[in-house]
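Coordinate analysis (summary)
Read off the chains here:
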Amino acid sequence: MMNHPEFPLIDTESLKHAANQAALAIPPAWPLASSVAVNPFLGQSGEGLAEVGARLARVAGVAVTMPRAWYQERIASGAISDADLADALINAPGDRRPAHLAALKAMALTLSPTPKALPTIADLAAQASGIDWRALIAERLGSWAAGYFDVGQALWAAPRGAGAYGAWRAVATHDLTPEIVGLRGFATHVSKAPDNACGAMARAVQRLRLSAGALETYFHQLLLNLGGWAQYARYLSWRAELGGASDETITELLAVRLIWEEALFERYVEQIADPWTAVLAEHAAPLAPTADQIVDTILQEASERAAQRSLALFLSAAAPAVSEGRPPLQVAFCIDVRSEVFRRALEGVNPGIQTLGFAGFFGLTASHRRFASDVHELRLPVLLNPAVTTCAGGTHDLPADQAMRFKARARRAWVRFKLAAVSSFAFVEATGPIYIGKLLTDSLGLHRASPPNDPAPSFDPALDIATRVQAAETILRAMSLTANFARLVLIAGHGANVVNNPHASALHCGACGGYSGEVNARLLASLLNDTAVRADLKSRGIAIPADSLFVGALHDTTTDAVTLYSDDHPSPTHDEDLKTATTRLAAAGQATRGERALRLPGADTERGIARRSRDWAEVRPEWALAGCQAFIAAPRTRTAGRSLAGRAFLHDYDWRQDSRFGVLELIMTAPVVVASWISLQYYGSTVAPDVFGAGNKLLHNVVGGIGVLEGNGGILRAGLPWQSIHDGERYVHEPLRLTVCIEAPREAMTGILTRHEGVRALFDHRWLHLFALDDDGRMKWRYAGDLQWTPMNDSTRPEYPLRIAV
Amino acid sequence: MDFLPLWAPSALLLSAALGFCIPGRRPRTLLKSAEVAALAAIAFASLSATWLGFHAPSTSPLLGFGSFGISVRLDAVSAVMLLLVTFVGWVVLRYSATYLDGEGRQGAFVGWLCLTLASVMLLILAGNLVQLVASWIATSLSLNRLLLFYPDRMAAQRAARKKFVPARTADTALSGAAILLALHYHTTDIATILSAARAGDGGALPVSAAALLAVAAMLKSAQFPTHGWLTEVMETPTPVSALLHAGVINAGGFLLIRFADVILLAPTLLAILVMVGGFTAVFGSLVMLTQPAVKTSLAWSTVAQMGFMMLECGLGLFPLALLHIVAHSLYKAHSFLASGGAVERVATQRRPGPVAIPKAGAVGRAFLAALALYALVGLAFGFEHKSPQAIALGAILIFGVAYLLAQGLADAAPRALTRKTALYAIATSVSYFALQAGAVWLTSSVLPAAPTPGPLEWALIILAVISFGFVAVVQAMFPLWAYHPAAAGLRVHLSNGFYANAVFDRLLRGWALQRPSRALRRSQS
């Protein structure tokens, strides 16, 4: 049975290609120390929701839409209107959609069948033997991968030299567990496997009788079965490729998983050969969505159209009067939806205050070293490479830097003493009682985490004047902030302030690579306070008055306190301005907390919020970006004075100042894409929590310093935890694909979509919806795909024969 | 006043009843009253301890019929343990109130948590054998409900099945021990039994009882090779792990300490405890080094620490075993509850640059310095009152301190680091000598002194010192050999805990395909 001439050999190139394609189908997962929201459908953005539904049903047995009951509830309540359903129906592609509205509504009342994944050999072997091989493989592979990817939890780290495949083989040839459970000769099987991953794959593919057509979804399925481990490996290759290198870890994981399949196939070949042939035929069959998947997609589209309807209504309301003259204070925030609430509150404190929205890394892509640290942190969107290197403090801070390092190293020696073999006993007997105090302070939430307060960051090496001026000009123009500067301009990054939370970095700034944003904000402030830079900017048409002071700030999104880093630029003449600003920010913080408290279970009042941020048992310190559903790039006046309830990314953009639409291109290719990753991460974690969510926070077991397991072991869980999208009684995130509204000429947007295929795919396949706003900020045109636009409120819309049929 | 401590478990029993009445989501009244009950329990425990400060240890009259009923033994051991359990209980209940917010069965969870805590308290306070056995079994059963809080989780069932066998065996052993003791001493009153045993009233029955007690204790404390279940019970919310590792797991050690006088009747038994405990300690702490998941690593640490506590019992150092239980519980409760900070902790460790690795010379100097430190601090606290066992144990602990010194003495370590680690080493040594002196003083009227060692004991003492010393040296020079290819195989076997778990799984069909389990049916009924 070793050779099967009737199955044509697949050549190495096609095999490699198939493995690479499978790798690309897996979304990357960043380590939790700097986690970033990732679009779980990243590898499928060239397909529509229905097609992806069919694909994931086959490989993972999950749906990519909500259960029917969820839509039905919204139809019944009127939230989704008949018009929404009809619009979604008529715009649905394909000829297999329901014939008319009544048929669609009838389908909405039925249950969508639960999708069932094709079985792997592990599943077939489990049926044949009664041993849960799938769970055992997850446990064994997880046990190895946890050690292999560990970045510092275990004192005795696993050897990593030989690459993933070699490292796994070294472990698997020693590990007796599979044989104890019942897979005789597994270690021998592994030791006889080819000594490179590619060879191992080729052998397995042949022995498993795989045809070329079956590879795509079968490989995808095997990698998906590895959960976060495959996603973390995909992250390694993402990072490598961004730096111009490559990384094979993910295909090596695939080879490992194939070796398991091969061993189980040989062990149970008599029982499972026939069903396996049938499974392979199904893998080779082309993917096509079922009628149910198409209906689900239409219902999803209808719920999005319903939300767009209310957004259109919101944007059509009259804009408040713009106050003329020099604003008393300007504050630039990150576009993050959490800043919408705070900006509104701050403008409410004094309507003259001008707020701006801009991507939170403020145009400075920094590879940053914190104070007393050797680690380079990438504080920039993960789509980009760092352009500048920076560090906290300058030469005069060196003695303090050194002293702090010694302190940190002594503390590290203490931790190693605490964990090492014999010394852990001495540690416990000598210091156990100290933990009475620790238990008390943590239980009562007495330990307050202070906001980051490193010495001011600086460019290292320093930038020459031409570079500094160029950067300053680009950033100011991108912010549409080129005139009418206030005396005090705050650049506010944001970060969360929580304790004992493995997902803390997910609450930080996504634009800053999962770190808090104060470093980039302080860097920009120092750039814009630079007198030499200002002098040159003037010659380029941007005149910053001499009495304007820029100050970096940090908006704490958990408690809505704002820290001002005014010591970076001592300016006694601005004392009064800073004092007033502090008071106003405090008032805005209070109003924001009041609004947020209504959504947070158990917060009760505005005051409860600070307590929650210090509570070590709190699993919902804040809602982060839950609820996000729109992205609006327009002048602030289009949205000011009304509540978007923290659901919209607001990017300031005035196309009239953007002569060649360079800024528009930047917005559509960077912030919009980052926002789509965020929105789709929430979407994926909500509709398919088992595959794209991180599971139950109550069971989380931090592994390797990079991620979480749910429970004892097994696969790494990437994505959002259940508690981040659900409050125990209802979803706090409505899974809607993001609606992007841009006030700009359609032709300019069409041009940009033509040039950027990847971005265009997101809109063409409706992972994002695009609308053009007219000169009054109203949603005027809907992007219909294929570079076409259809007008909103179109009177020429055919009055559906469908509707008559109701 | 005899029944004062009994108010502590009573308060929690009331909350448990309330929890079973409102088992659902966001039970606000229950959460508030459970915390009040926990605080009241701390108050009753403190009052009892204060009262004990002015009165001799005593046992209350028995409430019940014949030998069946509740009586309260209040002495230094039960007072300390009651304070510990009420305190940890409050921490865990308070944590759960927030942590489980939004869970559909939070009320029931709190109910089982309170019931488990009350059972542990009744066990600690038991003045008679019947109560001891009953509360021991009740603790195990109610904890089991917490471990299966998510009954359809496969891994939770697997762990529960693995726990079931040692737990029921331990129940049987303890019941057997109780019967033998009652038969021999013609009473179920524990204090009476202990004073008779201390007076030398032994024989076949008490020795067999002691053996059964030791079996029960070893099974309960997850000693090798029955440790498997303990490292796999992370399938339930974190506070349960905290309670298990800081409260329930101590039942085994408590049993040995409570019956110290009976245990001392069987010297061979002590030798077995030294060997099993010592092996488990070394084994567990080595496995822990390889674990990349934070809770799993903490669980292996518990296995090791319980082994060390058994070793102390085997050496007859019961007051130190009690100190170890208290110190370890506080540390481990905090570590579990704070385990969510592991991402940040790992990141922090990486920031100040590479670790300075001590070479053989530095390790040698560190051991000499540590021994000198031991001599110095030991003289200050008075060696002459200490038993050979206590001196040996001190030596073992000082080997650990040597690791701290070695890190500061590494060639690449800057002066400032050397100074700081030396300071830490001195503070650690002084602290544990002081704590040990305190533990001995506190329990002097209740717990027997370590017996004068005979040849067997001496052999074991020397063996223990040598093996711990060896591991300490190996560990101090760790990075120099651990990444050698020859160690790779050893690392694999160690990280799998020498497969004791896999064998248990196989015997209990742990990897069988999931079918509706007993646990699931129970929870649905």
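Residues numbered from 1 in each chain as written. Chains lettered and ligands numbered in written order. Predicted model: local features only at pLDDT ≥ 70, side-chain atom pairs only at ≥ 80, totals over all residues.

1. What about the overall build of chain B?
- Each helix and strand counted, chain B has 23 helices and four strands in total.
- Computed over C-alpha atoms, the radius of gyration of chain B comes to 23 Å, within 12% of the 24 Å expected from 2.2 N^0.38 for 525 residues, which places it in the range of a compact globule.
- Expressed as lengths along the three principal axes of its C-alpha atoms, the size of chain B is roughly 65 × 55 × 45 Å.
- By the burial criterion, 60% of the 525 residues in chain B qualify as buried.
- Long-range contacts, defined as pairs at least 24 residues apart, comprise 82% of the intrachain contacts of chain B with a sequence gap of at least 6. (Helix = DSSP H or I, 4+ residues; strand = E, 2+ residues; numbered from the N terminus. Rg over C-alpha atoms; globule rule 2.2 N^0.38 Å. Buried ≥ 20, exposed ≤ 12 C-beta atoms within 10 Å, placed from the backbone. Contact = placed C-beta atoms within 7 Å.)

2. Regarding the overall build of chain A
- For chain A, the helix and strand inventory stands at 31 helices and 20 strands.
- Here the C-alpha coordinates of chain A stretch approximately 85 × 80 × 50 Å along the principal axes.
- When each of the 806 residues of chain A is scored for burial, the buried share is 57%.
- The contacts of chain A with a sequence gap of at least 6 include a subset with a gap of at least 24, amounting to 74%.

3. Some details on the pairing of strand β1 (residues 330-334) of chain A
Residue and element names in this part refer to chain A.
- When you tally the buried positions in β1, you get five out of five residues, the bulk of the element.
- For β1 and strand β2 (residues 354-358), the ladder comprises five bridges, and the chain directions are parallel. Each bridged residue has a counterpart across the sheet, and for Q330 the counterpart in β2 is Q354.
- You can see the chain leave β1, run along helix α17 (residues 337-349) and come back into β2, and the turn it takes is right-handed.
- In terms of strand pairing, β1 meets strand β7 (residues 488-495) through four bridges, oriented parallel. Looking at the pairing, Q330 lines up with V489 of β7. (Pairing = 2+ DSSP bridges. Right-handed = clockwise from strand over helix to strand, strands pointing away.)

4. Description of the environment of L650 of chain A
Residue and element names in this part refer to chain A.
- Relative to the elements of secondary structure, L650 occurs in strand β11 (residues 648-651).
- Owing to 28 C-beta atoms within 10 Å, L650 belongs among the buried residues under this scheme.
- Spatially, the C-alpha atoms of L650 and Q300 are 24 Å apart, while their sequence positions differ by 350 residues.

5. Regarding the interface of chain A and chain B
- Counting residues at the interface gives 86 residues for chain A and 98 residues for chain B.
- Within the residue set of the side of chain A that touches chain B, elements represented by two or more residues are α7 (133-149), α8 (163-172), α9 (177-181), α18 (398-419), α19 (423-431), α20 (434-443) and β13 (700-703) of chain A.
- Ranked by the residues each element gives to the side of chain A that touches chain B, the list is headed by α18 of chain A, at 11 residues.
- For the side of chain A that touches chain B, the class distribution of residues is 49 nonpolar, 22 polar and 15 charged. (Nonpolar A, V, L, I, M, F, W, Y, C, P; charged D, E, K, R; others polar.)

6. Digging into the sheet that holds β13 of chain A
All names here are of chain A.
- Ordered by their spatial adjacency, three strands build an open sheet running β13-β14-β15, and the pairing between neighbours is antiparallel. Both outer strands of the open sheet, β13 and β15 (716-717), are each paired with one neighbouring strand and no more.
- Bridge count between β13 and strand β14 (residues 707-710): four bridges; the pairing is antiparallel. Residue V702 lies in a different strand from β14, and its bridge partner there is V708.

7. Remarks on the packing of helix α6 (residues 121-129) of chain A against helix α15 (residues 269-284) of chain A
Residue and element names in this part refer to chain A.
- Relative orientation of the contacting elements α6 and α15 amounts to 135 degrees, with a least axis distance of 10 Å. Classified by the angle between their axes, α6 and α15 sit oblique to one another. When the axes of α6 and α15 are compared, the crossing they make is right-handed. Counting all contacts with α6, which are made through I121, L124, A125 and A128, the residues of α15 involved are Q271, I272, P275 and W276.
- Residue composition of the contact of α6 with α15, by class: seven nonpolar, one polar and no charged. (Axes fitted to C-alpha atoms, helices over the stretch in contact; angles between N-to-C directions. Parallel < 35°, antiparallel > 145°, perpendicular 65-115°, else oblique. Left-handed = near helix turned anticlockwise from the far one by under 90°.)

8. Thoughts on the sheet that holds strand β6 (residues 457-459) of chain A
All names here are of chain A.
- With respect to topology, four strands assemble into an open sheet ordered β4-β3-β5-β6, the strand pairing being mixed. The sheet is open, and its two edges are formed by β4 (376-379) and β6, each paired on a single side. Direction aside, neighbouring strands of the sheet carry axes that sit 30 degrees apart on average.
- For strand β5 (residues 388-392) and β6, the ladder comprises three bridges, and the chain directions are antiparallel. What sits directly across from A392, in β6, is P457.

9. Section: the packing of helix α21 (residues 465-478) of chain A against helix α22 (residues 518-529) of chain A
All names here are of chain A.
- Packing of α21 against α22 brings their axes to within 10 Å, and their N-to-C directions diverge by 110 degrees. It follows from the interaxial angle that α21 and α22 lie roughly perpendicular. With respect to the hand of their crossing, α21 and α22 are arranged in left-handed fashion. Where α21 approaches α22, its residues R468, A471, A472 and I475 are matched on the opposing element by L524, L527 and L528.
- A per-class count over the contact of α21 with α22 returns six nonpolar, no polar and one charged.

10. Side note on unusual backbone geometry
- Note the cis peptide between D460 of chain A and P461 of chain A, where omega equals 10 degrees.
- One can find P461 of chain A in the loop between β6 and α21.
- Here the amide bond leading from F224 of chain B into P225 of chain B is cis, since omega sits at 0 degrees, within 30 degrees of zero.
- With respect to the element layout, P225 of chain B can be found in the loop between α8 (204-220) and α9 (238-246).
- Phi angles above zero are rare outside glycine, and S480 of chain A is one such case at about 55 degrees.

11. Considering the nonpolar core
- If you look at the biggest cluster of nonpolar residues, it comprises 464 residues, and the most contacted ones within it are L223 of chain A together with L213 and A402 of chain B.
- With 17 residues, helix α3 (residues 76-99) of chain B is the single largest residue contributor to this core.
- Apart from the residues lying within four places of it in its own chain, the contact partners of L223 of chain A are A22, A23, I26, A230, I250, L253 and L254 of chain A. (Core = buried A, V, L, I, M, F, W, Y, C linked by C-beta atoms within 7 Å.)

12. As for the pairing of β11 of chain A
Residue and element names in this part refer to chain A.
- Here β11 shows two buried faces, one formed by A648 and L650 and the other by F649 and H651.
- When strand β10 (residues 630-633) meets β11, the two strands line up parallel, connected through four bridges. Among the inter-strand pairings, A633 is bridged to a residue of β11, identified as H651.

13. What about helix α7 (residues 190-198) of chain B?
Residue and element names in this part refer to chain B.
- Looking only at α7, the buried set comprises I190, I193, L194 and A197. Taken around the axis of α7, the buried residues stretch over an arc of 95 degrees, which confines them to a single face.
- If you follow the buried residues of α7, they end up packed against β4 (73-74), α5 (129-147), α6 (154-185), α8 and α11 (260-263).
- Downstream of α7 by one or two residues, G200 has phi in the positive range, about 100 degrees. (Arc of directions from axis to C-beta.)

14. Details of α22 of chain A
All names here are of chain A.
- Taking 1.5 Å as the rise per residue, α22 with 12 residues should run 16 Å; its terminal C-alpha atoms sit 16 Å apart, in good agreement.
- Here α22 lies mainly inside the structure; 11 of its 12 residues are buried.
- Where α22 is concerned, the buried positions are E518, V519, N520, A521, R522, L523, L524, A525, S526, L527 and L528. (Expected span 1.5 Å × (residues − 1).)

15. Description of the confidence of the model for chain B
All names here are of chain B.
- A residue-level look at chain B finds 98% of positions with pLDDT of 70 or above and a mean pLDDT of 91.
- The least confident element of chain B is helix α23 (residues 518-524), whose mean pLDDT is 41; the most confident is helix α4 (residues 106-125), at 97.
- Segment residues 516-525: pLDDT under 50, and nine contacts once partners within four positions in sequence are set aside and those in other chains are kept.
- Interface predicted TM-score (ipTM) for the complex: 0.94; the corresponding pTM is 0.94. (pLDDT = per-residue confidence, 0-100.)

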